[in-house]
Amino acid sequence: MFWADKIAADAQGFQVVNDSKTPSGRVHVGSLRGVVIHDIIYRALKHAGKPVKFLYGVDDYDALDTVPKYLDKEKFKPYLGFPLCNVPSPDEGASDYAKYFIGEFFEIFEYLGVKPETYFLRDLYRSGQLNSYIDTFLKNAHLVREAYKEVSKAERPDNWYPFQVICENCGKIATTVTTDYNGSEVFYTCKPDGTNYTQGCGHSGWVSPFNGNGKLPWKVEWVAKWDVLGVTIEMAGKDHSQKGGSRDVANAISRKVLDKQPPFHSRYEFILVNGTKMSSSKGVGSSAREIANLLPPELLRFLMLRTQPKTVINFSPNYDTITRLFRDYDTLINKYQDNNSELNEELMSLFYAQLGDEIKPFQPFDYSTLISLLQIPRLNIQDEVVQRTANSLTEYDQFIVNQRINSAQKWLQDYADEEEKLVLYLEQVPEKANTLTPEQINYVQKLAENLENAANWEAEELQTVIFSTTKELQIPPANAFKALYLSFLNKERGPKAGGLFSYLEKSFVISRLQAVVNLNQSKV
């Protein structure tokens, strides 16, 4: 059984699936893993016929703790320590910083067919929905301190209270410390050394903690959110799920203070970009928007799904990784069609990768072939696709092909290394073609003769001729292919040679091979 279906099978009663994000900067692709995982659990519950709703929260009362490198540091530095919803927007498109960055992320939700009910922490605080929880946690501050100490070994002073006031004088929330509660007001100090990234103003006084005047520390806030929203399922990333970590502390507070069982939880792993953990505020890693611009939505969902949640995804949009992603997806499409549209466990990742609740079959057109075709001068890509497709393209087939053409163009423009780009020398023989060894020259000569007799000028047959010629002359294939790439591309590596030749006129390929032989004639 697929992992999400197992969770759904065990669930009893009405379920509330919740996820959230602090919009501290441009949202990176790693944050999409949690979004898609929670969306799949929601869909699995619906698929199992169980009552469920899916919530997504914006933690916009968190403090701005870093100015991302792509923003004007001088403009935003004065707002360090402010709640994100009280920081101005980077441009006029949004009312504030939090809504600006989460707005971009919500556009990706729409693109991926993810449709949760969204909520903002500012609204829960300012509307008073969290007032009773603030009161409960302040009155039971000793129990919260005990939970921190028992679970994470974190000592809190006896006069520490779980609340951060928005300073009435300077507007910062990150620098304030609450040291007393009289049942209606808290006493706080905005400490100059409250954090290592901004200074507090030194103001102190009594203020009501209710109706948006401050916030609970996020591990305590997590517990309040679970209860006020009725959350029953919330996964968490590896960083929060370590033994003694954030989730364990929140679980302990829920049991100890509210006397309630925390929601179902299982950890999920990071997405790494070239082995590096991503960070929104530091601007490390590919943004969710960039990857959404590169991959069709089903492929981006599939990237998140084909790996078990507890396994790291090391994402790198290089040639091997991206072509394998499309190839693996197409393999499942073909299996689904061979299976007469019956779903089994292997095909559930394909099912949940869809934007809707059905898999719409199509004729897969190889993505790596499109990358090559797009680089052939004077070639009409649409005509070439039609010629290379066994059956007539349906309207949906053409839609998928156009998606992939756009993706391949984007990949070539923004991600392909120079070594991965195909630069065909059509007008003249490449310079490096005169470096062939006598063995390679003999191979090129013999291949030209054998290609003259090729019955069909198609990729697979041409590949067969290329290989059979290496066997005929007993030349190592690596040496043979190197000779061909040098003859057409001026470099030692390239795409499948049979496919490359099939894009070109037969007469051109044979004349080029002969020209290379003539160029190296003195060596034979």
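Note that the structure is predicted; figures quoted are calculated from it, not measured.

**Observations regarding the side chain of Ser241**
Item 1. The topology assignment puts Ser241 in the loop between β9 (236–237) and α9 (246–257).
Item 2. By relative accessible area, Ser241 is classed as buried at 16%.
Item 3. Polar contacts involving the side chain of Ser241 include one to the main-chain carbonyl oxygen of Gly237, which spans 2.9 Å.
Item 4. Beyond its immediate stretch of four places on either side in the chain, Ser241 contacts Ala236, His265 and Arg267.

**Regarding the sheet that holds strand β6 (residues 186–190)**
Item 1. Read from one edge of the open sheet, three strands run β5-β6-β7, paired in antiparallel fashion. Looking at the sheet topology across the chains shown, the edges are occupied by β5 (176–181) and β7 (204–207). The average undirected angle you get between the axes of adjacent strands in this sheet is 25°.
Item 2. Judged from the four bridges that link them, β6 and β7 form a sheet pairing that is antiparallel. Residue pairing across strands places Phe187 opposite Trp206, the latter belonging to β7.

**A word on unusual backbone geometry**
Most peptide bonds take the trans form, and the phi angle of most residues other than glycine is negative.
Item 1. The phi angle at Lys153 is positive, at roughly 60°, despite the residue not being glycine.
Item 2. Here Lys153 shows up in the loop between α7 (141–152) and β4 (164–165).
Item 3. With relative accessibility at 64%, the residue Lys153 sits in the exposed group.
Item 4. The phi angle at Ser341 is positive, at roughly 65°, despite the residue not being glycine.
Item 5. Relative to the helices and strands, Ser341 resides in the loop between α12 (319–338) and α13 (348–353).

**A closer look at the packing of aromatic side chains**
Item 1. Evaluation of the coordinates by the stated rule reveals 28 aromatic pairs.
Item 2. Centre to centre, the rings of Tyr42 and Phe54 are 5.6 Å apart; their planes meet at 35°, and the pair counts as tilted. Placement of Tyr42 in helix α2 (residues 31–47) and of Phe54 in strand β2 (residues 52–58) is noted, with a sequence separation of twelve residues between them.
Item 3. The ring of Phe120 carries the charged tip of Lys99 above its face, separated from the ring centre by 5.1 Å.
Item 4. Lying over the aromatic face of Trp222, Arg247 brings its terminal NZ or CZ to 5.5 Å of the ring centre.

**Some remarks on the confidence of the model for the chain**
Item 1. When pLDDT is averaged along the chain, the result is 93; 97% of the residues meet or exceed 70.
Item 2. Here residues 277–285 is a poorly scored stretch, pLDDT under 50, and it has 34 contacts once near neighbours within four places are set aside; other chains count.

**With respect to the nonpolar core**
Where a protein is soluble and globular, its nonpolar side chains tend to be buried together.
Item 1. Within the largest apolar cluster, 115 residues are counted, with the highest numbers of intra-cluster contacts made by Leu295, Leu300, Leu451 and Phe501.
Item 2. The leading source of residues in this core is α2, at nine residues.
Item 3. If we skip the residues at most four places from it in the chain, Leu451 touches Trp457, Leu462, Val465, Phe501, Lys506, Val509, Ile510 and Leu513.
Item 4. Membership of the second largest hydrophobic core comes to 47 residues, among which are Phe163, Val207, Val220 and Ile253.

**Examining the sheet that holds strand β1 (residues 15–21)**
Across a sheet, paired strands are connected by hydrogen bonds in the backbone, their directions being either parallel or antiparallel.
Item 1. Overall, parallel pairing links the three strands, which are arranged β1-β2-β3 in an open sheet. A strand with exactly one partner marks an edge of an open sheet, and here the two such strands are β1 and β3 (117–120). Going across the sheet, the axis of each strand differs from the next one's by a mean of 25°, ignoring polarity.
Item 2. Examined bridge by bridge, β2 and β3 share four bridges and lie parallel to one another. Looking at the pairing, Val58 lines up with Phe120 of β3.

Parameters at a glance
- Residues numbered from 1 in each chain as written.
- Predicted model: local features only at pLDDT ≥ 70, side-chain atom pairs only at ≥ 80, totals over all residues.
- Heavy atoms only, no water.
- Helix = DSSP H or I, 4+ residues; strand = E, 2+ residues; numbered from the N terminus.
- Buried < 20%, exposed > 50% of the residue type's maximum accessible area, 1.4 Å probe, protein only.
- Polar contact = N/O pair within 3.5 Å; in protein donor to acceptor, adjacent residues only side chain to side chain.
- Contact = heavy atoms within 4.5 Å.
- Pairing = 2+ DSSP bridges.
- Axes fitted to C-alpha atoms, helices over the stretch in contact; angles between N-to-C directions.
- Phe/Tyr/Trp six-rings, centres within 6.5 Å; stacked < 30°, edge-to-face > 60°.
- Lys NZ or Arg CZ within 6 Å of the ring centre and 35° of its normal.
- pLDDT = per-residue confidence, 0-100.
- Core = buried A, V, L, I, M, F, W, Y, C linked by side-chain atoms within 4.5 Å.

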